[in-house]
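Listed here are the chains, written in short residue letters.
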Number of protein chains: 2
Amino acid sequence: MSDEREERPERDEDAEAAERLEAVLQAVEAGDAASLEALMEPLHAADIADLLEQIGSADRQALLKLWHAGIDGEILSEIDDSIREEVIEALPDEVVAEAVRELETDDVVDILEDLDEPAQERILEALEDADRVAVEQALSYPEYSAGRLMQREVVVAPEHWTVGEAIDYLRRAERLPDQFYHVILVDPRMKPVGYVTLGRVLSSARKVALRDITEDSFRTVEATDEEADVAYIFNQYHMISCPVVDADGRLVGVITIDDAMIVLDEEHEEDMLRMAGVHDESSLSDRVIEAAKGRAVWLGVNLLTAILASLVIDMFADTIGAMVALAVLMPIVASMGGNAGTQSMTVAVRSLATRDLTPRNAARVIRREIAVGALNGLLFGVVMAAVAAFWFGVPMLGLVIGLAMVLTLVSAALSGILIPMALERFGIDPALASGPFVTTVTDVVGFFAFLGLASVMLL
Amino acid sequence: MSDEREERPERDEDAEAAERLEAVLQAVEAGDAASLEALMEPLHAADIADLLEQIGSADRQALLKLWHAGIDGEILSEIDDSIREEVIEALPDEVVAEAVRELETDDVVDILEDLDEPAQERILEALEDADRVAVEQALSYPEYSAGRLMQREVVVAPEHWTVGEAIDYLRRAERLPDQFYHVILVDPRMKPVGYVTLGRVLSSARKVALRDITEDSFRTVEATDEEADVAYIFNQYHMISCPVVDADGRLVGVITIDDAMIVLDEEHEEDMLRMAGVHDESSLSDRVIEAAKGRAVWLGVNLLTAILASLVIDMFADTIGAMVALAVLMPIVASMGGNAGTQSMTVAVRSLATRDLTPRNAARVIRREIAVGALNGLLFGVVMAAVAAFWFGVPMLGLVIGLAMVLTLVSAALSGILIPMALERFGIDPALASGPFVTTVTDVVGFFAFLGLASVMLL
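Quantities reported herein were computed from a predicted structural model and do not represent experimental measurements.

Cut-offs used in this document
- Residues numbered from 1 in each chain as written.
- Chains lettered and ligands numbered in written order.
- Predicted model: local features only at pLDDT ≥ 70, side-chain atom pairs only at ≥ 80, totals over all residues.
- Heavy atoms only, no water.
- Helix = DSSP H or I, 4+ residues; strand = E, 2+ residues; numbered from the N terminus.
- Rg over C-alpha atoms; globule rule 2.2 N^0.38 Å.
- Buried < 20%, exposed > 50% of the residue type's maximum accessible area, 1.4 Å probe, protein only.
- Contact = heavy atoms within 4.5 Å.
- Areas by Shrake-Rupley, 256 points an atom, 1.4 Å probe, with all protein chains shown as cover.
- Least-squares fit on C-alpha atoms with pLDDT ≥ 70 in both.
- Pairing = 2+ DSSP bridges.
- Patch = residues over 30% accessible without salt bridge, like charges linked within 9 Å, V, L, I, M, F, W, Y side chains within 5 Å.
- Salt bridge = Lys/Arg side-chain N within 4 Å of Asp/Glu carboxyl O.
- Core = buried A, V, L, I, M, F, W, Y, C linked by side-chain atoms within 4.5 Å.
- Domains from an automatic or database assignment.
- Buried area = accessible area lost by both parts, 1.4 Å probe.
- Polar contact = N/O pair within 3.5 Å; in protein donor to acceptor, adjacent residues only side chain to side chain.
- Nonpolar A, V, L, I, M, F, W, Y, C, P; charged D, E, K, R; others polar.
- Axes fitted to C-alpha atoms, helices over the stretch in contact; angles between N-to-C directions.
- 1 Å grid on protein atoms, 1.4 Å probe; cavity = no way out; pocket = protein on both sides within 12 Å on 5 of 7 lines; lining within 4 Å.
- Points joined across faces, edges and corners; volume = space filled by probe spheres on them.
- Phe/Tyr/Trp six-rings, centres within 6.5 Å; stacked < 30°, edge-to-face > 60°.
- Arc of directions from axis to C-beta.
- Parallel < 35°, antiparallel > 145°, perpendicular 65-115°, else oblique.
- Left-handed = near helix turned anticlockwise from the far one by under 90°.
- Lys, Arg positive; Asp, Glu negative; His and termini not counted.
- Charge placed at Lys NZ, Arg CZ, Asp CG, Glu CD.
- pLDDT = per-residue confidence, 0-100.

Enquirer: What exactly am I supposed to notice about the overall build of chain A here?
Expert: When its secondary structure is counted, chain A shows 21 helices and 6 strands. For 459 residues, the compact-globule estimate of 2.2 N^0.38 gives 23 Å, and the C-alpha radius of gyration of chain A, at 29 Å, exceeds that figure by more than 25%. Once the C-alpha set of chain A is aligned to its principal axes, its extents read approximately 90 × 60 × 45 Å. Every one of the 459 residues in chain A was classed for burial, and the buried ones make up 57%. A fraction of 67% describes how many contacts in chain A between residues 6 or more apart in sequence connect residues 24 or more apart. Approximately 18,600 Å² of chain A is accessible, and the part contributed by carbon and sulfur atoms is 55%.

Enquirer: How do you make sense of the relation of the copies chain B and chain A when you look at a structure like this?
Expert: The operation linking the two copies of the chain is a rotation about an axis combined with a translation along the axis. Each copy of the sequence occupies a distinct position, and chain B is placed on chain A by a rotation of 180 degrees and an axial shift of 0.0 Å, giving an RMSD of 0.1 Å. Seen this way, the second copy is the image of the first under a two-fold rotation axis. Residue by residue, 100% of the interface of chain B is reproduced at the interface of chain A, so both copies engage with the same surface.

Enquirer: What is the right way to read the sheet that holds strand E5 (residues 241-245) of chain B from this model?
Expert: Consider a sheet: its strands pair through backbone hydrogen bonds, and that pairing is either parallel or antiparallel. All names here are of chain B. Ordered by their spatial adjacency, 3 strands build an open sheet running E4-E5-E6, and the pairing between neighbours is mixed. Looking at the sheet topology across the chains shown, the edges are occupied by strand E4 (221-222) and strand E6 (251-256). Pairing analysis gives 5 bridges linking E5 to E6, with the strands arranged antiparallel. The residue of E6 that forms the bridge with Ser 241 is Thr 256.

Enquirer: When you look at a nonpolar patch on the surface in this model, what are you seeing that I'm missing?
Expert: All names here are of chain A. Together, Met 396, Leu 399 and Leu 403 line one region of the surface with nonpolar side chains, adding up to about 240 Å² of accessible area. For Leu 403, the position within the fold is in helix H20 (residues 395-425). Classification of Leu 403 by relative accessible area gives partly exposed; the value is 37%.

Enquirer: Can you walk me through the nonpolar core in this structure?
Expert: Within soluble globular proteins, side chains that are nonpolar generally end up buried alongside one another. Residues Phe450(A) and Phe450(B) are the most contacted members of the largest nonpolar core, which totals 80 residues. Counting residues in each nonpolar core, the second largest holds 62 residues, with Tyr141(A), Val254(A), Met261(A) and Met150(B) among its members.

Enquirer: Looking at this structure, I do not really get the domain arrangement of chain A. What am I missing?
Expert: By a frequent convention, interface size equals the accessible area lost on bringing the separate parts together. Residue and element names in this part refer to chain A. In terms of domains, chain A is made up of domain 1 (12-140), domain 2 (156-275) and domain 3 (288-457). For domain 2 versus domain 3, the distance between C-alpha centres works out to 48 Å. Across the contact, 6 residues belong to domain 2 and 11 residues belong to domain 3. Contact between domain 2 and domain 3 buries roughly 800 Å² in total, counting both sides, with carbon and sulfur atoms accounting for 56%. Summed over the shared surface of domain 2 and domain 3, the number is 2 salt bridges. The partner of Asp 229 in a salt bridge is Arg 355, and the shortest N-O contact between them spans 2.9 Å. Of all the elements in the fold, those that place two or more residues in the side of domain 2 that touches domain 3 are helix H14 (227-236) and helix H15 (257-275).

Enquirer: What is the right way to look at the interface of chain B and chain A in this model?
Expert: At the interface, 147 residues of chain B touch 149 residues of chain A. Carbon and sulfur atoms supply 58% of the area buried between chain B and chain A, which totals about 13,200 Å² over both sides. Inspection of the region where chain B meets chain A yields 44 residue pairs in polar contact (both at pLDDT 80 or more). Of the residues in the side of chain B that touches chain A, the class split is 74 nonpolar, 31 polar and 42 charged.

Enquirer: Before we go on, may I ask you to explain the sheet that holds strand E1 (residues 156-158) of chain B in this structure?
Expert: Residue and element names in this part refer to chain B. Spatially, 3 strands are ordered E1-E2-E3 in an open sheet, and the strand pairing comes out mixed. Strands at the two margins of the open sheet, each flanked by one partner only, are E1 and strand E3 (192-197). In this sheet, adjacent strand axes meet at a mean angle of 30 degrees when their direction is disregarded.

Enquirer: What is the right way to read empty space enclosed by the protein from this model?
Expert: The probe, sized like a water molecule, is rolled over the atoms to show the empty space still left. All chains considered together, the criterion is met by 7 cavities of 30 Å³ or more. The space that makes up the largest cavity amounts to roughly 950 Å³. In terms of lining, the largest cavity is formed by 42 residues, of which the most central are Gly338(A), Asn339(A), Thr342(A), Gly338(B) and Thr342(B). Sorting the residues of the lining of the largest cavity by element identifies H15, helix H18 (325-353) and helix H21 (430-457) of chain A together with helix H15 (257-275), helix H16 (288-315), helix H18 (325-353) and helix H21 (430-457) of chain B as the ones contributing at least two each. It is H18(A) that contributes the most residues to the lining of the largest cavity, 9 residues altogether. Of the residues belonging to the lining of the largest cavity, the class tally is 23 nonpolar, 17 polar and 2 charged.

Enquirer: Which parts of the structure should I look at to understand the pattern of salt bridges?
Expert: A side chain of one charge can pair with a side chain of the opposite charge if their charged atoms are brought near each other. Inspection of the entire model under this criterion finds 36 salt bridges over all chains. Residue Arg360(A) is joined to Glu22(B) by a salt bridge in which the shortest nitrogen-to-oxygen separation is 2.7 Å. Of this pair, Arg360(A) sits in helix H19 (residues 359-392) while Glu22(B) is found in helix H1 (residues 12-30), placing the two residues in two different chains. Residue class for Glu22(B) comes out partly exposed when judged on its relative accessible area of 35%. Where Arg132(B) meets Asp129(B), a salt bridge forms, and the shortest distance between an N and an O atom there is 2.8 Å. One end of the pair is Arg132(B) and the other is Asp129(B), both in helix H10 (residues 129-139) and 3 residues apart, which spans about a single turn. A single network of salt bridges, built from pairs that share partners, joins Asp246(A), Asp248(A) and Arg250(A).

Enquirer: It is not clear to me how the packing of aromatic side chains should be interpreted in this structure. Could you clarify?
Expert: Where two aromatic rings form a pair, the distance of their centres and the angle of their planes describe that pair. This structure, assessed with the given rule, holds 9 aromatic pairs over all chains. Judged by centre distance (6.1 Å) and plane angle (75 degrees), the ring pair of Tyr181(A) and Tyr181(B) falls under edge-to-face. One end of the pair, Tyr181(A), is in the loop between helix H12 (163-172) and strand E2 (182-186); the other, Tyr181(B), is in the loop between helix H12 (163-172) and strand E2 (182-186), on a second chain. Accessibility assignment for this pair places Tyr181(A) and Tyr181(B) in one class, buried. Between the aromatic rings of Phe316(A) and Phe448(A), the centroid separation amounts to 5.8 Å while the plane-to-plane angle is 75 degrees, which identifies the pairing as edge-to-face.

Enquirer: Looking at this structure, I do not really get the pairing of E5(B). What am I missing?
Expert: Along a regular strand, successive side chains alternate from one face of the sheet to the other. Residue and element names in this part refer to chain B. Within E5, 5 of the 5 residues are buried, which leaves the element mostly enclosed by the surrounding structure. Covered by surrounding structure in E5 are Ser 241, Pro 243 and Val 245 together with Cys 242 and Val 244, the residues of both alternating faces. Here E4 pairs with E5 via 2 bridges, running parallel. The residue bridging Glu 222 from the neighbouring strand is Val 245, located in E5.

Enquirer: Please clarify how helix H9 (residues 117-126) of chain B should be interpreted in this entry.
Expert: Residues separated by three or four positions in an α-helix point in the same direction, a consequence of the helix having 3.6 residues per turn. All names here are of chain B. Of the residues making up H9, those classed as buried are Ala 119, Gln 120, Ile 123, Leu 124 and Ala 126. End-on, the buried residues of H9 take up no more than an arc of 160 degrees, which puts them together on one face. Along H9, the residues that are exposed and aim more than 90 degrees away from the buried face are Glu 117, Pro 118 and Glu 125. On the buried face of H9, the contacting elements are helix H6 (81-90), helix H7 (93-101), helix H8 (105-113) and H10.

Enquirer: I would appreciate a short explanation of the environment of Ile83(B) in the present structure.
Expert: Relative to the helices and strands, Ile83(B) resides in helix H6. In sequence terms Ile83(B) and Glu94(B) are 11 residues apart; their C-alpha atoms lie 20 Å from each other.

Enquirer: Just checking my understanding: could you explain the packing of H18(A) against H16(B) for this structure?
Expert: The angle between the axes and the distance between the axes are what describe a pair of packed helices. Contact pair H18(A) / H16(B): the axes reach a minimum separation of 9 Å and the direction vectors enclose 155 degrees. If you check the angle between H18(A) and H16(B), you find them roughly antiparallel. The chirality of how H18(A) crosses H16(B) is right-handed. Here Ala327(A), Val328(A), Leu329(A), Pro331(A), Ile332(A), Ser335(A), Met336(A), Asn339(A), Ala340(A), Gln343(A), Ser344(A) and Val347(A) of H18(A) lie close against H16(B), whose contacting residues are Arg295(B), Trp298(B), Leu299(B), Asn302(B), Leu303(B), Ala306(B), Ile307(B), Ser310(B), Ile313(B) and Asp314(B).

Enquirer: Any chance you could explain a negative patch on the surface here in plain terms?
Expert: Residue and element names in this part refer to chain A. A cluster of acidic residues, Glu 89, Asp 116, Glu 117, Glu 121, Glu 125 and Glu 136, forms a negative patch on the protein surface. Examining the composition of the negative patch, we find that 3 residues originate from one element, helix H9 (residues 117-126), more than from any other. With respect to the helices and strands, the residue Glu 121 is situated in helix H9.

Enquirer: Before we go on, may I ask you to explain the environment of Val456(B) in this structure?
Expert: Within the secondary structure, Val456(B) is located in helix H21. When its relative accessible area of 66% is taken as the criterion, Val456(B) is described as exposed.

Enquirer: Sorry, what's going on with the confidence of the model for chain A here?
Expert: When pLDDT is low, close inspection of the predicted coordinates is not appropriate. All names here are of chain A. Across chain A, the average pLDDT comes to 90, with 96% of residues at 70 or higher. Within the model, pLDDT remains below 50 along residues 1-10, and this stretch shows 26 contacts once partners closer than five positions in the same chain are excluded. We note a pTM of 0.84 for the whole complex and an ipTM of 0.83 for its interfaces.

Printed below as a string of structure tokens:
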């Protein structure tokens with residue numbers, strides 16, 4: 001967290017990516033399928049997806065018309081939700097069918113979730129029977145559950161097997177998952193009892209019993225668990241894969257680190273955007289009208305709280321009329337309160353998300369925030385008192401704004417920590433709803449303290 | 001990103017953890033070492049670290065006095081920087097020595113980085129010679145570089161080996177890394193040429209050549225690369241391990257997904273806290289005076305911008321004196337502008353961090369933001385015009401605030417996107433510095449537009 005990290009030197013890869021993009025667009029414009037193929041073919045699926053997201057819709061359509069043979073399942077998985085439907089619609093049926101057939105079931109589910117009914121049907125029909133059943137079963141789990149996130153392709157072994165038996169089985173197996181990191185040991189009723197890392201399997205003699213080399217730390221999740229909780233345990237316990245069980249404890253699938261990372265990433269993004277009042281805006285490709293709607297909700301709430309604050313000012317209209325300097329200075333108090341409140345609130349929201357702030361240490365954290373608020377309140381109270389006294393030549397005005405600053409910053413610290421905690425207690429996402437409440441408190445307290453003190457002490 | 005995700009039901013584990021914590025504290029208070037041991041022993045290292053972070057310093061000291069035999073390297077790794085030094089100082093030398101000796105070198109480096117000189121010495125002395133050299137070499141790489149992040153324990157094979165040779169080698173190997181996911185193929189000069197997943201090794205016949213089953217996608221990073229860039233490629237390409245090479249392209253270590261996840265997590269946290277003006281505050285355990293200092297920087301900057309905005313108001317003191325309603329309404333315009341600016345800015349900062357916003361699509365994104373700002377400006381301009389006209393009975397005042405709202409929200413959208421992009425271009429972290437600039441623009445434009453229009457149209 002030091003300063004060295006702040007610099008962001010120009011990255012060569014960025015320049016390269018920009019050049020490549022220009023070359024691709026030129027090839028598209030010239031209708032030069034061969035050059036386009038030569039440019040796209042060596043790229044990683046994730047980079048192709050990024051490229052498709054970067055360009056405008058018309059260019060995207062033209063590109064996909066010229067080049068779609070290389071579009072595989074991985075690229076479809078990587079493409080952002082907001083343009084995936086458009087891409088799928090632009091592709092010939094057989095390309096989509098082939099692309100989804102090569103994917104693990106969890107990736108097919110991920111793609112299907114965000115599509116309209118007809119597009120969903122088109123993809124389900126393209127799947128082999130077994131896969132279609134697996135996907136439909138996954139879709140029967142609630143949205144944002146472990147069941148939606150898991151892949152059903154698992155690598156299991158009976159708990160009495162040896163390393164040699166496991167290796168022989170793996171060599172004979174016709175279809176294994178693309179990525180797997182453990183052999184899961186199951187009892188005769190398919191209940192997982194432990195797992196062995198592939199590294200241990202590889203480095204142990206053939207005769208060693210698998211049950212003797214299982215990992216110390218082993219945990220499973222239920223298919224109905226929330227994906228956010230699953231991501232939390234991956235992060236907390238540094239896991240790379242986790243077996244998923246049904247209500248009876250039987251193995252039904254496995255979640256791997258890549259899926260958990262995507263969920264964590266989304267949670268982070270959501271918390272950050274929600275705190276700034278940006279809702280349901282998943283990417284830069286979202287349409288204007290949707291983005292405007294999502295943000296209008298928060299601006300509307302903010303308008304109400306701003307009007308509430310103005311009602312407080314209105315109570316002191318006569319005071320302001322008698323001394324216009326108050327109108328000049330009052331936004332400073334409110335602005336400092338708002339910023340200090342946001343600081344406390346952000347720390348609180350983040351600590352609640354990482355589960356570092358709990359009922360146990362709440363009292364200590366609240367005391368800390370009050371102390372921080374009081375210290376900074378005193379500091380900026382003194383500074384502002386001097387500024388105001390000098391600016392308007394009224395020492396008493398300095399005292400008024402100084403006192404108001406202390407009161408406002410302490411109440412900002414308090415509301416910044418207590419409001420998120422209260423929302424969490426009532427089962428409301430603190431990232432989503434804390435902002436307007438905290439701002440209301442700091443504005444109302446700020447204006448009331450400053451104008452109230454002024455009306456008593458100055459007039 | 002739908003509403004279902006917002007609910008946060010009470011988690012059973014949270015209740016369990018709280019009960020456990022109470023039991024632990026009771027045992028500590030009673031000086032009951034046996035009960036304490038029974039409570040701590042079954043816990044995962046990450047949970048023990050959390051427990052130590054949750055309690056106050058006095059309780060922590062008392063706990064560590066009663067129970068330290070179970071403190072191992074993993075627990076030391078998991079403990080937050082802010083209390084790690086305190087914990088290490090509370091432990092007997094031999095416990096610390098044994099704990100660090102069992103760790104991979106990257107974890108030792110991670111612990112050492114944040115310690116004072118004498119504590120660093122104490123740990124370096126406890127290491128075996130080979131490990132100490134490895135740790136000292138790692139510390140010679142710049143802070144926040146891949147060289148600091150990597151472990152030097154690697155699993156390599158000559159490129160001509162078969163699966164059988166690799167398995168025989170792994171079975172004979174005396175010390176393998178705790179976790180490894182690939183066998184890295186190297187040429188005679190130790191340059192990595194590809195890697196094979198353990199799953200492929202296990203599922204292939206002994207006579208298969210390793211070079212025939214390498215992964216299609218293979219990339220390495222340089223030891224001097226920034227850790228943020230390393231974390232980005234792990235996330236972008238869904239990697240689980242990545243070989244690290246020196247300037248000559250020779251293999252010097254490997255970075256695994258768990259290290260990359262920690263970096264990603266820290267980057268997210270930093271961006272979120274920095275945007276709210278919270279600097280260098282790594283955890284709730286930080287001391288009051290440090291936290292207050294870190295936040296005072298931002299509050300100081302904010303005070304300057306707030307004073308700047310007040311100077312604008314002061315220009316119109318006569319106008320306000322003639323019509324106090326302006327003082328009542330003006331914070332509404334500024335508040336709406338600030339919020340809309342923060343929305344655009346957050347989207348921009350996030351998109352820059354994920355590299356979704358590039359020079360290529362900048363024009364499109366800027367147009368989109370302006371459109372969103374204009375739409376919401378019109379919406380809330382009309383609403384506020386009606387409210388103001390009705391409230392103060394002056395229709396012209398409604399027109400003034402409506403127009404000011406449109407101007408402010410469009411300029412908020414523009415500054416919210418342009419300022420982060422400009423900062424990024426100049427190599428300054430947009431998360432760190434955008435806020436004050438955006439707020440200054442929205443405040444100044446808001447007050448100037450509203451009071452300026454009022455002085456022209458109303459008086």
